[in-house]
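# Descriptive analysis of the structure
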Amino acid sequence: MQTIGIDFGTTNTVLAACRQPGEAMILPFGFGGQALEAFRTALAFQRNRPVTLPPLDEAGPFAIQWFSEAPEDTRFLQSFKSFAASAAFTDTAIYSRRYKFEDLLATFLSRVREHTGLGTLPKRVVVGRPVTFAGSNPQDGLARQRYDAAFGQLGFEEIRYVLEPVAAAHFFAQRLVREATVLVGDFGGGTSDFSIMRFSPAKSGRAAEALGHSGVGIAGDTFDYRIIDAVVSPRLGKNATYRSWGKNLPIPVHYFANFSRWNELCLMNRPDVIRELEQFAANSDAGKQLLAFAELITGGASYQLYQAVSQAKALLSSEDQVPFAFHAPGFSIDTRITRADFESWIGEDLERIDACVAKVMRETALHARDIDRVFLTGGSSYVPAVRALFTRRFGEDRIETGEQLLSIAKGLALISADKNMERWAV
């Protein structure tokens, strides 16, 4: 194996290799007696004995298992890719150690390597990256430095980066039999990215030209955030008030904004945050709700909440109305969510995604009629309202999907085997 492609995603991570031209294969891992292709992007830490040693760590479904079995003894992190380009995130304390982003990523990758059975690593790795990183003020250069440091810790000598929608386009191009201009929409957990590629026959098999790219920091995690903000947070004290010096003041909204984002939730489990919530609870008519909020942060139910929200979102792709049930100490939810409500909650997000598509069309001076195929990939491409954006613009007959969780990794592997792969590196 000369190279591998790694799709390090906000929600899932997938590895692929290209062992012969034009054929990419996923590198699976075993869990619970099954061979799985997508490795959940999650980390768990537990105290070591003696405590002077670094914490024990695990990743993927193994991390989830640790957290499910002993939540009170486990520090659990997910969606940490969202911190990659954030200068505001310097490090986080995990028991007796402080971890920078590159330390978290290197720890995660080491476990991925172990569970996929990779022995001697190839010299080169081709890594996918979004067109636009997640965050309010993402810094691409910082993310690149952190990625370089993490992959360097594993021993890779050549680290190359390819835009994730470009990789997906190369995967999709394997099914083309004639010249085509293709718009690829990649909907991950943290970002939605778009590329327009032109593919044409060539003596070597297929020529490809990148025409334009655009991206926006809105995707699956944002949609999850909208569900939590509308359905869960109001039952935990959002919009409540507390008494201070004879005045009724609103509970600061940043607690609920952070709670609703999976990457921020892992940083809320700190004594100062819990102490503040308990102080608010002591002086609020919503004290019971606020105490339940604090207990949810410190307890082991946050992952169950994640599962409930993700399941409801997935079911809304095929149902007009779905049940939403979640039970934790101090509060319970038994309600229903309609697709109409969900689509109203993500309405502004959809407008920004549509504007991002319009941007790449405008910058490439292309019209809808110039696009031969639209390839949608990533988990949120299943959301009917997302697909409808492209149906309205390009028509249903030009839209295709397939291997939504695997296409980027396979495309990265195909590019890694290209003799001219440097032209796709960024």
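Placed above this text is the structure.
Read on for an overview of the structure.

Scoring rules and cut-offs
- Residues numbered from 1 in each chain as written.
- Predicted model: local features only at pLDDT ≥ 70, side-chain atom pairs only at ≥ 80, totals over all residues.
- Heavy atoms only, no water.
- Buried < 20%, exposed > 50% of the residue type's maximum accessible area, 1.4 Å probe, protein only.
- Helix = DSSP H or I, 4+ residues; strand = E, 2+ residues; numbered from the N terminus.
- Pairing = 2+ DSSP bridges.
- Right-handed = clockwise from strand over helix to strand, strands pointing away.
- Axes fitted to C-alpha atoms, helices over the stretch in contact; angles between N-to-C directions.
- Contact = heavy atoms within 4.5 Å.
- Polar contact = N/O pair within 3.5 Å; in protein donor to acceptor, adjacent residues only side chain to side chain.
- Core = buried A, V, L, I, M, F, W, Y, C linked by side-chain atoms within 4.5 Å.
- Phe/Tyr/Trp six-rings, centres within 6.5 Å; stacked < 30°, edge-to-face > 60°.
- Salt bridge = Lys/Arg side-chain N within 4 Å of Asp/Glu carboxyl O.

Let's shift gears to the pairing of strand S12 (residues 124–129). Most of S12 sits inside the fold, with six of its six residues counted as buried. What you see with S12 is no split at all: Arg124, Val126 and Gly128 on one side and Val125, Val127 and Arg129 on the other are buried throughout. Of the pairings in the sheet, the one linking strand S1 (residues 3–8) to S12 comprises four bridges and is parallel in character. By the bridge assignment, Ile4 is partnered in S12 with Val125. Traced from S12 through helix H3 (residues 140–154) to strand S13 (residues 158–163), the parallel crossover comes out right-handed.

Taken in spatial order, the three strands line up as S8-S7-S9 in an open sheet, and their pairing is antiparallel. The two strands at the open ends of the sheet, each matched to only one other strand, are strand S8 (56–59) and strand S9 (74–78). Across the sheet, the mean angle from the axis of one strand to that of its neighbour is 20°, orientation sign disregarded. One ladder, built from four bridges, connects strand S7 (residues 42–46) with S8; its direction is antiparallel. Residue pairing across strands places Gln46 opposite Leu56, the latter belonging to S8. Against the sheet, helix H1 (residues 60–69) makes contact with S7, S8 and S9, and its axis sits at roughly 120° relative to S8, the strand it touches most.

For the rest of this paragraph, the subject is the side chain of Thr10. Assignment of secondary structure puts Thr10 in the loop between S1 and strand S2 (12–20). At a separation of 3.4 Å, a polar atom in the side chain of Thr10 contacts the main-chain amide nitrogen of Gly190. Dropping the residues within four chain positions of it, Thr10 is found in contact with Thr41, Ser79, Lys81, Ser82, Gly189, Gly190 and Asp221.

Core analysis: the biggest nonpolar cluster contains 73 residues, and Leu183, Val232, Phe259, Phe324 and Phe390 have the highest contact counts within it. The residues contacting Phe259, other than those within four sequence positions of it, are Ile228, Val232, Ser233, Leu236, Leu265, Met268, Phe293, Leu296, Ile297 and Leu305. Grouped together as the second largest cluster of nonpolar side chains are 42 residues, Phe80, Ala85, Phe133 and Ile159 included.

The subject of this paragraph is the sheet that holds strand S15 (residues 192–200). Read from one edge to the other, the open sheet built from five strands follows the order S16-S15-S14-S21-S22, with strand pairing classed as mixed. Both outer strands of the open sheet, strand S16 (207–216) and strand S22 (399–401), are each paired with one neighbouring strand and no more. The sheet shows a mean angle of 20° between the axes of neighbouring strands, taken without regard to direction. By the bridge criterion, five bridges tie strand S14 (residues 180–187) to strand S21 (residues 373–377) in an arrangement that is parallel. Each residue of the ladder has a partner; that of Leu183, found in S21, is Val374. Those strands touched by helix H4 (residues 164–173) are S14, S15, S16, S21 and S22, and its axis lies near 40° from that of S15.

This next bit is on the packing of aromatic side chains. For the structure shown, the criterion picks out 31 aromatic pairs. Considering the side-chain rings of Phe187 and Phe194, the 5.6 Å spacing of their centres and the 75° angle between planes classify their relative orientation as edge-to-face. This pair shows no difference in class: Phe187 is buried, exactly as Phe194 is. A ring pair is formed by Phe259 and Phe293, whose centres lie 5.0 Å apart and whose planes are at 80°; its orientation type is edge-to-face.

Further remarks concern unusual backbone geometry. Of note, the amide linkage connecting Arg49 to Pro50 takes the cis form, showing an omega dihedral of 0°. Look at Ser79: it is not a glycine, yet its phi comes out positive at around 55°. A positive phi angle, close to 55°, is found at Ala365, a residue other than glycine. Relative to the helices and strands, Ala365 resides in the loop between helix H12 (347–363) and S21.

On to the side chain of Asp224. Mapped onto the elements, Asp224 comes out in helix H5 (residues 220–232). Those residues in contact with Asp224 that lie beyond four places of it in its chain are Trp262, Val309, Ser310 and Lys313.

Take the pattern of salt bridges next. Within this structure, the stated rule accounts for 22 salt bridges. One salt bridge in this structure joins Glu164 and Lys81, with 3.0 Å as the shortest N-O distance. With Glu164 in helix H4 and Lys81 in the loop between S9 and strand S10 (92–94), the pair connects residues that are 83 residues apart, well separated along the chain. When its relative accessible area of 4% is taken as the criterion, Glu164 is described as buried. Using a relative accessible area of 9% as the deciding quantity, one classes Lys81 as buried. Connected through salt bridges with shared partners, the residues Arg124, Glu158, Arg160 and Glu422 form a single ionic network.

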